[in-house]
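As a plain string of letters, each chain reads:
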Amino acid sequence: MPVDLLAIAAHADDVELSCGGTLVVAREHGHRFGIIDLTRGEMGTRGTPETRRREAARAAEILGASFRETLDFGDGGLVVSREHELALIDVIRREKPRLILTSYPDDRHPDHRRTGQLVTDAAFYAGLRKIETSHPAHRPQQTVYFSAADVHAPTFVVDVTSAMETRMRAIRAYESQFHDPSSREPQTLLSQRSFLDAIEARARHFGFLIGAEFGEGFVSKRPPRIDDILGAFKNLEPGF
Ligand SMILES: [Zn+2]
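These notes cover the structure that comes with them. (Residues numbered from 1 in each chain as written. Predicted model: local features only at pLDDT ≥ 70, side-chain atom pairs only at ≥ 80, totals over all residues. Heavy atoms only, no water.)

1. Observations regarding the packing of aromatic side chains
Between two aromatic rings, the relevant description is the distance of the centres plus the angle of the planes.
Here comes step 1: Evaluated as defined, the whole model comprises five aromatic pairs.
Here comes step 2: Summarising the aromatic geometry, the rings of phenylalanine 124 and tyrosine 125 are spaced 6.2 Å apart at their centres and angled 70 degrees between planes, so their arrangement reads as edge-to-face.
Here comes step 3: Residue class for tyrosine 125 comes out partly exposed when judged on its relative accessible area of 29%.
Here comes step 4: Aromatic pair tyrosine 174 and phenylalanine 178: ring centres 6.4 Å apart, planes at 85 degrees, arrangement edge-to-face. (Phe/Tyr/Trp six-rings, centres within 6.5 Å; stacked < 30°, edge-to-face > 60°. Buried < 20%, exposed > 50% of the residue type's maximum accessible area, 1.4 Å probe, protein only.)

In structure tokens form, the structure reads like this:
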């Protein structure tokens, strides 16, 4: 059974930190989604690939993903090659998503940058019949990008107010990565308490832009079609 959306990121937790709410909202609207992590997270300062695999599975369950799959393209040096491109083309063809969500191809973390480029190219090539893999050609409607380490001005914002609690619960499933006062592992940028506060603040900021409590912003090369121009700006300028 095909998925409607496919979220593809370099590291388990990238999806939860950037577009988890949008996936939950899509599920609430009856859409199915899958998550592909391109690396096993073997370069992470805290945790091991095994603990991260367990945490990622738990987080996917909380979000309500139809499946989550981990590829092995190399953490901390993600390799962009024809071999990896073909592997990704085949996954896209197998799952037949209408929409792909991935990292913006310009980000401080090179793995995120390479992911954005690799996924963009694979999504296009997946539609070329003469590129043969084990599944028939399929091209998603669009690839849209979420902000990761760096924030980009969004083309559109999704209201994730109803999904924010679930999204934060999915993020906290990564016990080895985020703030845990009892952990003896080395402190990292992500394990500081202020990191999760910043993630919530970012969602508040994106939400504020559209008159919602929480939002997730996306960059799209083509603008989304608006069917109700007044509805699109409801809640803004309430009159005081
Ligand atoms: Zn990442």
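2. Structural notes on the nonpolar core
Soluble, globular proteins show a tendency: their nonpolar side chains are buried together.
Here comes step 1: With 36 residues, the main nonpolar core has Val15, Cys19, Leu23, Leu101, Ile171, Phe178 and Phe218 as its most contacted residues.
Here comes step 2: Looking at this core, the elements that each hand over two or more residues are strand E1 (5-9), helix H1 (14-18), helix H2 (20-28), strand E2 (33-37), helix H3 (49-63), strand E5 (142-146), helix H6 (164-172) and helix H7 (193-209).
Here comes step 3: Sequence-distant contacts of valine 15, that is, excluding residues within four places in its chain, are made with Ala7, Ala9, Gly20, Leu23 and Ile35.
Here comes step 4: Within the second largest apolar cluster, 21 residues are counted, among which are Leu88, Val119, Ala123 and Ile131. (Core = buried A, V, L, I, M, F, W, Y, C linked by side-chain atoms within 4.5 Å. Helix = DSSP H or I, 4+ residues; strand = E, 2+ residues; numbered from the N terminus. Contact = heavy atoms within 4.5 Å.)

3. Some points on the sheet that holds strand E3 (residues 67-70)
Sheet strands associate in pairs through backbone hydrogen bonding, adopting either a parallel or an antiparallel arrangement.
Here comes step 1: One open sheet holds the seven strands; their spatial order is E3-E2-E1-E4-E5-E7-E6, and the pairing between them is mixed. Every interior strand has two partners, whereas the edge strands, E3 and strand E6 (156-159), have only one. Pairs of neighbouring strands in the sheet enclose a mean axial angle of 25 degrees, with direction left out of account.
Here comes step 2: Inspection of the sheet shows E2 paired to E3 by four bridges, in the parallel sense. Its bridge partner lying in E3, glycine 34 is registered against phenylalanine 67.
Here comes step 3: Where H7 meets the sheet, it contacts E6 and strand E7 (215-220), and its direction lies at approximately 75 degrees from that of E7. (Pairing = 2+ DSSP bridges. Axes fitted to C-alpha atoms, helices over the stretch in contact; angles between N-to-C directions.)

4. Considerations on the coordination of the zinc ion
Here comes step 1: The protein atoms that coordinate the zinc ion are His11 (ND1), Asp14 (OD), Asp14 (OD) and His112 (NE2), at distances spanning 2.1 to 2.5 Å.
Here comes step 2: One way to put it: the four donor atoms around the zinc ion meet at angles of 55 to 123 degrees, and that makes the site irregular.
Here comes step 3: In the primary sequence, the donor residues of the zinc ion line up as H-x2-D-x97-H. One end of the pair, aspartate 14, is in helix H1; the other, histidine 112, is in helix H5 (residues 110-125), and 98 residues separate them in sequence. (Donors = N, O, S within 2.8 Å, 3.2 Å for Na, K, Ca; no water. Tetrahedral: all angles 85-135°; square planar, octahedral: opposite > 155°, others 65-115°.)

Nothing here speaks to function; it is geometry throughout.
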